[in-house]
Structure formats: structure tokens, C-alpha cells
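Structure at a glance
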Amino acid sequence: MKKSIMALFSASVLLSSIAAFSHAAEVATLRDDTSIETQKQPKSMPNVVNTDIKQKRNYPMQPPIIPHKVRNYQVDLKVNKCMSCHSRNRTEESQAPMVSVTHYMDRDGNFLAEVSPRRYFCSQCHVPQLDTDPLVDNTFEDMNTLMKEKAQKAKAEKE
């Protein structure tokens, strides 16, 4: 009984493997049509957008993107380079936007004198933008666009 079960299992694994390999040409990979033996030349790294111009957010509660270079910024337990411009004490001098007041709140909603430890590592949520084309098409529509379309449809139905 065990031998027949093992033989049946082995046969099903073999057939599954054959079926998987026969469809291997149809599987999309990051290598495109480059064979496994060929080393592709990587594309050059895109530049970081360094305009210092605030960009609109794509959805509610989206963390703002960083509109400048942050390479070699030190952010560790002892130093947070971001706060040298974005802390409430430095914004007048730097003309950088102050971090949100929510960054000065602990998990219980109490306000703190310094940035909350859970909001201290900026790059957990905020990222610089790269000067590149999107890798995939995006059909996202923000809430304002959807609401405007809904209002226009309602107006057209009344007429």
C-alpha cells in the first residue's frame, strides 16, 4: 500500500514538474529575454529629484515625499540630520516646513518636548523621489477627482 502511494506521489510530482517546465517560456521575469548565462548591463541609477518644491499628495494621510537629496544624512540614536532644518526651533531660519505636530505626540496622545521616538526615523515613512518614468502604469484617481466626477454625473442626471 505504501509503495503504491509513493509511486503515485512520485508520478504526480514528475508530471507537475514537466507541466511547469513546459510553461517556463511564458513566465515573465526581470531578465526579459536575456538567457541565464548572460550578465546584463544594469541601467544607471536615476537622479534624486532635488527641487525643494513641495509636491501634492496622492491620497489622504500620505506622508509627504522628501523633495531633496538625503544621501549621507545621519539618522541614528544620537543624531537626526532632518531635524536640523525641520524641527520647530529651526524652521524660521531654514524655511523648511516643520514636521507635523503628530510627530511630537506619544502613542497616548500626550505632547512631548521633542520628536516622539516612534516618529524619529524619518525615512520609515518619508522617501525622496527619483527622476524616472514609472515602472508600471498607474490608474489611481484621487478623492477630489472622484467627487468631482460624481457631482458632474448627478448634475447631468438632473438635467
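Right, let's walk through the structure included here. Note that the structure is predicted; figures quoted are calculated from it, not measured. (Residues numbered from 1 in each chain as written. Predicted model: local features only at pLDDT ≥ 70, side-chain atom pairs only at ≥ 80, totals over all residues. Heavy atoms only, no water.)

Let us now look at a nonpolar patch on the surface. On the surface, a nonpolar cluster with roughly 320 Å² of combined accessible area is contributed by Leu14, Leu15 and Ile18. Its place among the elements puts Leu14 in helix H1 (residues 2-22). Residue classification places Leu14 among the exposed residues on the basis of a relative accessible area of 53%. (Patch = residues over 30% accessible without salt bridge, like charges linked within 9 Å, V, L, I, M, F, W, Y side chains within 5 Å. Areas by Shrake-Rupley, 256 points an atom, 1.4 Å probe, with all protein chains shown as cover. Salt bridge = Lys/Arg side-chain N within 4 Å of Asp/Glu carboxyl O. Helix = DSSP H or I, 4+ residues; strand = E, 2+ residues; numbered from the N terminus. Buried < 20%, exposed > 50% of the residue type's maximum accessible area, 1.4 Å probe, protein only.)

For Asp52, which is not glycine, the phi torsion reads 60° and is therefore positive. Considering the arrangement of structural elements, one finds Asp52 in the loop between H1 and helix H2 (83-86). Notably, Asn72 is not glycine yet its phi reads approximately 70°, a positive angle. For Asn72, the location among the structural elements is in the loop between H1 and H2.

Following the criterion strictly, the structure yields one aromatic pair and no others. Ring geometry for Tyr120 versus Phe121: centroids 5.1 Å apart, planes at 85°, classification edge-to-face. The class of Tyr120 is buried, set by a relative accessible area of 17%. Positioned above the aromatic ring of Tyr73 is the side chain of Lys81, whose terminal nitrogen or guanidinium carbon lies 5.7 Å from the ring centre. (Phe/Tyr/Trp six-rings, centres within 6.5 Å; stacked < 30°, edge-to-face > 60°. Lys NZ or Arg CZ within 6 Å of the ring centre and 35° of its normal.)

Turning our attention to helix H4 (residues 143-158). Compared with the 22 Å implied by 1.5 Å per residue over 16 residues, the 23 Å span of H4 between its first and last C-alpha is a close match. In terms of burial, H4 is a largely surface element, zero of the 16 residues being buried. (Expected span 1.5 Å × (residues − 1).)

Here the focus is the pattern of salt bridges. Counted under the stated rule, the structure contains two salt bridges. Between Lys56 and Asp142 there is a salt bridge whose closest N-O contact spans 3.3 Å. Taken together, the residues Lys56 in the loop between H1 and H2 and Asp142 in the loop between helix H3 (91-94) and H4 connect sequence positions 86 residues apart. Across the salt bridge formed by Glu93 and Arg90, the nearest N and O atoms sit 3.3 Å from each other. A relative accessible area of 32% places Arg90 in the partly exposed class.

All right, on to the side chain of His126 then. In this fold, His126 is placed in the loop between H3 and H4. Residue His126 is classed as buried on the basis of its relative accessible area, which comes to 18%. Contacts of His126, omitting those with residues within four sequence positions, involve Pro63, Pro64, Ile66 and His103. (Contact = heavy atoms within 4.5 Å.)

Before going further, it helps to spend a moment on the side chain of Asp142. In this structure Asp142 comes out as buried when scored by relative accessible area, which is 15%. A polar side-chain atom of Asp142 sits 3.3 Å from a polar atom in the side chain of Lys56. Excluding residues that lie within four positions of it along the chain, Asp142 makes contacts with Lys56 and Asn58. (Polar contact = N/O pair within 3.5 Å; in protein donor to acceptor, adjacent residues only side chain to side chain.)

Quick look at the state of the cysteines now. With the rule as written, the count across this model stands at zero disulfides. Distance from the sulfur of Cys82, which forms no disulfide, to the nearest cysteine sulfur (Cys122) is 3.8 Å. By relative accessible area, which is 15% here, Cys82 ends up buried. (Disulfide = S-S within 2.5 Å.)

Before going further, it helps to spend a moment on the environment of Pro67. With respect to the helices and strands, the residue Pro67 is situated in the loop between H1 and H2. With 62 residues separating them along the chain, Pro67 and Gln129 place their C-alpha atoms 6.8 Å apart. Aside from chain neighbours lying at most four places away, what touches Pro67 is Val49, Asn50, Thr51, Asp52 and Ile53.

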